[in-house]
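Overview (structure and organization)
Residue-level listing of the chains:
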Amino acid sequence: MSIRIAPPLLLIFLLMIHSDCTYTYPTGYQIMKVFWTNGWGVKPPDLSKDPEYSQRLQYLGDEQQNCTIRLSHVTQKDEHMYYFRFTTYTPDNKWLGHPGVTLTVTVYDSSTRYNSVRREDAGRYSCALHEHTYISPAVHLNVMYPPKESFVAVNPSGEIVEGDSVTLSCSSDSNPPAEISWFKRGKFVGSGRIYSISKISSDHSGEYKCKSINKRGEKYSDAVTLNVMYHPKSVSVFINGSPEIVEGDSVTLICSSDSNPPAEISWFKEGTFVGSGRIYSISNISSDYSGEYKCKSRNKHGEKDSDAVTLNVMCELMMVQ
Ligand SMILES: *[C@@H]1O[C@H](CO)[C@@H](O)[C@H](O)[C@H]1NC(C)=O
Ligand SMILES: *[C@@H]1O[C@H](CO)[C@@H](O)[C@H](O)[C@H]1NC(C)=O
């Protein structure tokens, strides 16, 4: 008798693999019973009757020459020598496949891979036996990692003017996906991947960062600066010097206004342009300079006039002796 049995099996945890087994015996014998066992001795146990195996063991062969079995849900406990056995009628004989087949179970668990596993290793894995066509069902390897690059995109990307709608979106690469929170100059302002400002005002100008966090770690983005442009506001004129202006004095008018970008200033006396620049100076003033003055503040987003201020130049009384 000869039994041809597959070489030692290498199995991966929970995968089932089968491989053909055939046997031959001299003519004239009649098969009574075929079974697989994992022991020797006078009465080797029939594995299909063993509660440890009966649910997992399937005899796929026939009773003539094919002794193929399938063992599923293999664990390390199944590491054994296994033997095919059959008995025949007349003459009454018991036969055992020699040298049997060795089942080697190799268990890969996450701790074996963990230290060296990389993001790129994520994916579906199957195993196959060398020189066999059988390929196991795939298992999915899910590689967790902390947020890596984290950056903020601003829409619209160009100039932002007061009243615009602006969205900041935070992108980060992590597994599992990160939770996002937003900070303006270090102060929490909102959460979620997108931070929307529907009617932006100059108060929203400043540095923003997003923070990506998952259970493996956290990462701040680089800061992005929102620079909100707006037309001149709160335009006013200050007179530098004594309110009592006497001929021959020097008088300085200062125009103050708030705008982004900074405004260009022009000066008007009673509606007539008299000069430009933030400061308007008059030296050796005469009564011709009396009147109402305004400054106009203008940038590309708009313009605004100050309220009028009045210069009233008095004549100096000369005491002549
Ligand atoms: C033995 O039986 C198995 C399962 O039915 C089958 O896949 C295999 O082809 C058979 N082998 C031979 C040599 O007949
Ligand atoms: C100031 O103006 C008056 C009148 O125009 C003139 O007489 C005088 O010389 C001026 N003084 C100076 C210092 O320029």
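Numbering of residues begins from 1 in every chain and follows the order in which that chain's sequence is written. The order in which chains are written sets their letters, starting at A; the order in which ligands are written sets their numbers, starting at 1. Only residues with pLDDT of at least 70 are given local features in this predicted model, and only at 80 or more are side-chain atom pairs given and counted; all residues enter the totals for whole chains, interfaces and linings. Note: side-chain values were computed over all heavy atoms of the structure, leaving out hydrogens and water.

An unreviewed UniProt entry lists the protein chain under the name Ig-like domain-containing protein, from Sinocyclocheilus rhinocerous.

Secondary structure elements follow DSSP: runs of H or I no shorter than four residues count as helices, runs of E no shorter than two count as strands, and numbering proceeds from the N terminus. Along its length, the protein chain carries 1 helix and 31 strands. Whether a residue is buried, partly exposed or exposed follows from its accessible area with a 1.4 Å probe, protein chains only, as a fraction of its type maximum: under 20%, in between, or over 50%, in that order. Across the 321 residues that make up the protein chain, the buried fraction comes to 33%. It only takes one pair of heavy atoms within 4.5 Å for two residues to be counted as in contact. Partitioning the intrachain contacts of the protein chain with sequence separation of at least 6 by distance along the chain shows that 58% fall at a separation of at least 24. Method for areas: the Shrake-Rupley scheme with a 1.4 Å probe, in which residue coverage is limited to the protein chains shown. Split by element, the accessible area of the protein chain, about 19800 Å² in all, is 51% carbon and sulfur.

It is worth spelling out unusual backbone geometry at this point. Of note, the bond from Asn155 into Pro156 is cis; its omega dihedral lies within 30 degrees of zero at 5°. The residue Pro156 is located in the loop between strand 13 (150–155) and strand 14 (160–161) in this model. With an omega of 0°, the peptide bond between Asn260 and Pro261 qualifies as cis. With respect to the secondary-structure elements, Pro261 resides in the loop between strand 24 (251–260) and strand 25 (264–269). In this structure, Ser234 is a non-glycine residue whose phi angle is positive, near 35°. Here Ser234 lies in strand 22 (residues 228–240).

Defined simply, a disulfide is a covalent bond joining two cysteines at their sulfur atoms. Only a pair of cysteine sulfur atoms within 2.5 Å qualifies as a disulfide here. The final tally for this structure, using the stated rule, is 3 disulfides. In this model Cys21 forms its disulfide with Cys67; the gap between the sulfur atoms is 1.7 Å. Taking the sign of the S-S torsion, -80° for the link of Cys21 and Cys67, the bridge is left-handed. Here Cys21 is found in the loop between strand 3 (17–18) and strand 4 (22–24), whereas its partner Cys67 is found in the loop between strand 6 (57–59) and strand 7 (69–71), with 46 residues between them in sequence.

Around ligand 1 lies a shell formed by Asp20, Thr22, Leu60, Asn66 and Thr68. Residues adjacent in sequence count toward polar contacts only when both atoms are side-chain atoms; beyond that, a polar contact is any pair of N or O atoms within 3.5 Å, and within protein one must be able to donate a hydrogen and the other to accept it. Between ligand 1 and the protein, one listed contact pairs an oxygen atom with a backbone N or O atom of Leu60 at 3.3 Å. Isolated, ligand 1 exposes 360 Å² of accessible area, and the fraction of that covered by the protein chains is 47%. Ten residue types, Ala, Val, Leu, Ile, Met, Phe, Trp, Tyr, Cys and Pro, are classed as nonpolar, four, Asp, Glu, Lys and Arg, as charged, and the remainder, Gly among them, as polar. Of the residues that constitute the shell around ligand 1, the class distribution is 1 nonpolar, 3 polar and 1 charged. Throughout this document, a residue counts as near a molecule or strand when at least one of its heavy atoms sits within 4 Å of that molecule or strand.

Side chains bearing opposite charge may pair, as long as their charged atoms lie close to each other. Any Lys or Arg side-chain nitrogen located within 4 Å of an Asp or Glu carboxyl oxygen qualifies as a salt bridge. Applying the stated criterion to the full structure yields 12 salt bridges. Taking the shortest distance from any N to any O, the salt bridge between Asp46 and Lys49 comes out at 3.4 Å. According to the relative accessible area criterion, Asp46 is buried, its value standing at 12%. Among the ionic pairs, Glu303 bridges to Lys296, the shortest N-O distance being 3.3 Å. For Lys296, a relative accessible area of 17% gives the class buried. Each of Lys296, Arg298, Glu303 and Asp305 takes part in one network of salt bridges that share partners.

Per residue, pLDDT measures the predictor's confidence, with a range of 0 to 100. Residues of the protein chain with pLDDT of at least 70 account for 89%, and the chain-wide mean is 86. At the level of individual helices and strands, the protein chain shows its lowest average pLDDT in strand 2 (residues 9–12), which scores 34, and its highest in strand 25, which scores 98. The model gives residues 1–18 a pLDDT under 50, and that stretch makes 59 contacts with residues more than four places away or in other chains.

Our focus in this paragraph is the sheet that holds strand 14. Read from one edge to the other, the open sheet built from 4 strands follows the order 14-22-24-27, with strand pairing classed as mixed. Two strands lie at the open edges of the sheet, namely strand 14 and strand 27 (279–282), each paired on one side alone. Bridge count for strand 14 against strand 22 is 2 bridges, and the pairing is parallel. The residue bridging Ile160 from the neighbouring strand is Val228, located in strand 22. When DSSP finds two or more bridges between two strands, those strands count as paired.

Right, let's talk about the packing of aromatic side chains for a bit. Aromatic rings in a pair are described by how distant their centres are and how their planes are angled relative to each other. Side-chain rings of Phe, Tyr and Trp (the six-membered ring for Trp) are treated as a pair once their centres are within 6.5 Å; stacked means planes under 30 degrees apart, edge-to-face means over 60, and tilted covers the remaining angles. Tallied over the full model, the rule gives 14 aromatic pairs. Measuring from ring centre to ring centre gives 5.9 Å for Phe84 and Phe86, while their planes differ by 35°; the resulting arrangement is tilted. As far as the burial class goes, Phe84 and Phe86 line up, both buried. When the ring of Tyr280 is compared with that of Tyr293, the centres are 6.2 Å apart and the planes differ by 40°; the resulting orientation is tilted. On the criterion of sequence distance, the pair formed by Tyr280 in strand 27 and Tyr293 in strand 28 (residues 291–299) is long-range, its members being 13 residues apart. In this structure, Tyr280 and Tyr293 share a single accessibility class: buried. Members of the aromatic cluster, connected to one another through ring pairs, are Tyr23, Tyr25, Trp36, Phe84 and Phe86.

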